[in-house]
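Working through the structure, step by step
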Amino acid sequence: MPRKSTRLTFAVLATGAGVFSMLQSLIAPALPTVQHALHTSQSTATWVMTAYLLSASVFTPILGRVGDLVGRKRTLVAVLLTLLAGCLLAALAPNIGVLIVARVVQGAGGALFPLSFGIIRDEFAVAEVSGSISNLSAVIAAGGGVGIVAAGPIVSALDYRWLFWIPVAVVAVTTLIAARFVPESPSRAEGRVNWLGAALLSAWLVALLLPLSQATRWGWGSAPVIGLFLAAAVLFALWLSAEARSRSPLIDLRVLRLPAVWTTNTAALLFGAGMYAIWSFLPAFVQTPRAAGYGFGASVTASGLLMLPMLVAMFVSGVLSGRLEPVVGAKALLTAGAALGAVACGFLTLWHDAQWQVALVAGVFGFGIGLAFASMANLIVGSVPAEQTGAATGMNANIRTIGGSIGAAVTSVLVTGRLQPTGLPYGSGYTHGFGLLGVLCLGAALAALSVPGRRALRTEAAPRAASRPEREAATSGT
């Protein structure tokens, strides 16, 4: 194989990022099985998801910045090895405590997203960058859908531990190929890691996301929730101050203030709220017994199959967006993707009496996810200096995750706020929740309309470092 094969490089990046994305959702349908197998409580089992969320939120922007500084290929291999260790530990975990620790280790894999976008920007010809980012975004988006669809069959046919054994094999091969064939990044940011900024970023993210994920269990008015929200506000202010004063900030605040960046991040926050909440609550809706007055009493496997149209649509639209972006622009695709999410949630609010209706709406939402994911990444990459690619795309992924946590928390309040005597939610709770998610996606579409147009993007974007193909062409005199 040629050492500089961009196809092989893309395959490595897509596999690593796809596996991490799959791990985000793969374990969620199997939590009751994990709870029973490891003899733990439901509240403790939920930490399998919470630990992963918190870890990924902390590591994604920090390791993205490390890659900008010390080399993206080197950091990519280290992150893949860490993800491999986390999956292996999870597969062998003898108790829930070890499994939670394993999920924390796996969370470092979140850095695969910004590192992959940075490597594509470094190694691919200019004409290939947009399409490759769109294709990678399609894989990332579809990975979450694969987790939802595949969890049931894997657990039924094998065992929940195979949810981790399969990634162990895939990541091991991917790591070997990455170490041998992915070239090292030619562009490096100057400076060093701002560890004070990293510590403050980690602190305010944990202080914000922890109460959002646990508020329904602890109580929104409880002292831990209120205290952590206040701590998050204070720590966020301290982080902004530390980054503004640092000669080598973890995340350059001037980059975050670029019109294309902050408007895209706003759309990411709102769309993330709708997307992750749909992933969390639509399967629960279809699994609800018909005796509740709604739902279909579907099994985990059957509910996953109802999400299959979303998975297919995410991948198709993500790949399609790479062909459309040069014609209509990333701004139009982001607006269209968020608008499709709003339309899907609006229909779901009124139209959920048959399984085919849910499957159709899931497909529409999936088409929107594919368009939005690809366009967000292209807007960020096209608007920031090359040496800031990892940090900026990592922060965008983080903001999407924060939005998802907010959306899931608020939807949980609406769904579980009033329960039937059987303990099941009322159908109106889901209806109100889906309606709220439609409003959030509509807000994302409005934010996308504020993104600068192509001409403004070219004007504001800082000059990016030449990619390897560009430099090689210049050296050869072509």
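As the structure is a computational prediction, the values presented were derived from the model and not from experiment.

**With respect to the overall build of the chain**
Regarding its fold elements, the chain presents 21 helices and zero strands. Computed over its C-alpha atoms, the radius of gyration of the chain comes to 21 Å, within 12% of the 23 Å expected for a compact globule of 478 residues. Once the C-alpha set of the chain is aligned to its principal axes, its extents read approximately 75 × 50 × 45 Å. Counting every position in the chain, which comprises 478 residues, the buried fraction comes to 58%. Taking contacts inside the chain between residues at least 6 apart in sequence as the whole, the part at least 24 apart equals 82%. Of the roughly 18300 Å² of accessible surface on the chain, a fraction of 69% belongs to carbon and sulfur atoms. Here the chain carries 29 positive and 15 negative side-chain charges, and the mean point of each set is 3 Å from the other.

**Describing the confidence of the model for the chain**
Residues with a pLDDT of 70 or more make up 94% of the chain, whose mean pLDDT is 85. Mean pLDDT in the chain bottoms out at helix 21 (residues 468–476), which sits at 44, and peaks at helix 5 (residues 72–92), which reaches 95. Here residues 458–478 is a poorly scored stretch, pLDDT under 50, and it has 33 contacts once near neighbours within four places are set aside; other chains count.

**Things to note about helix 9 (residues 162–181)**
Its 20 residues place the ends of helix 9 29 Å apart at the C-alpha level, agreeing with the 28 Å of an ideal helix rising 1.5 Å per residue. Three or more residues of helix 9 are buried, namely Leu-163, Phe-164, Pro-167, Val-168, Val-171, Thr-174, Thr-175, Ala-178 and Phe-181. Where the residues of helix 9 are buried, they touch helix 1 (6–26), helix 5, helix 6 (96–106) and helix 8 (126–157).

**Observations concerning the side chain of Gln-420**
Relative to the assigned elements, Gln-420 resides in the loop between helix 18 (389–416) and helix 19 (427–449). Given a relative accessible area of 14%, Gln-420 falls into the buried group. Engagement of the side chain of Gln-420 in a polar contact is seen with the backbone oxygen of Ala-292, the distance being 3.1 Å. With residues up to four places along the chain from it excluded, the contact list for Gln-420 reads Ala-292, Tyr-294, Pro-425 and Tyr-426.

**Quick word on the side chain of Ser-317**
For Ser-317, the location among the structural elements is in helix 15 (residues 308–328). In terms of polar contacts, Ser-317 uses its side chain to reach the backbone carbonyl oxygen of Ala-313, at 2.8 Å.

**Some words on the packing of helix 15 against helix 16 (residues 330–350)**
Contact geometry for helix 15 and helix 16: axes closest at 7 Å, N-to-C directions at 125 degrees. Considered as vectors, helix 15 and helix 16 are oriented oblique to each other. Counting all contacts with helix 15, which are made through Ser-321, Leu-324, Glu-325 and Val-328, the residues of helix 16 involved are Ala-330, Ala-332 and Leu-333. Considering only residue class, the contact of helix 15 with helix 16 consists of five nonpolar, one polar and one charged.

**A short note on the state of the cysteines**
On inspection of all chains with the given rule, the structure shows zero disulfides. With no disulfide of its own, Cys-345 lies 4.6 Å from the sulfur of Cys-441, the closest cysteine sulfur. Residue class for Cys-345 comes out buried when judged on its relative accessible area of 1%.

Rules used in this analysis
- Residues numbered from 1 in each chain as written.
- Predicted model: local features only at pLDDT ≥ 70, side-chain atom pairs only at ≥ 80, totals over all residues.
- Heavy atoms only, no water.
- Helix = DSSP H or I, 4+ residues; strand = E, 2+ residues; numbered from the N terminus.
- Rg over C-alpha atoms; globule rule 2.2 N^0.38 Å.
- Buried < 20%, exposed > 50% of the residue type's maximum accessible area, 1.4 Å probe, protein only.
- Contact = heavy atoms within 4.5 Å.
- Areas by Shrake-Rupley, 256 points an atom, 1.4 Å probe, with all protein chains shown as cover.
- Lys, Arg positive; Asp, Glu negative; His and termini not counted.
- Charge placed at Lys NZ, Arg CZ, Asp CG, Glu CD.
- pLDDT = per-residue confidence, 0-100.
- Expected span 1.5 Å × (residues − 1).
- Polar contact = N/O pair within 3.5 Å; in protein donor to acceptor, adjacent residues only side chain to side chain.
- Axes fitted to C-alpha atoms, helices over the stretch in contact; angles between N-to-C directions.
- Parallel < 35°, antiparallel > 145°, perpendicular 65-115°, else oblique.
- Nonpolar A, V, L, I, M, F, W, Y, C, P; charged D, E, K, R; others polar.
- Disulfide = S-S within 2.5 Å.

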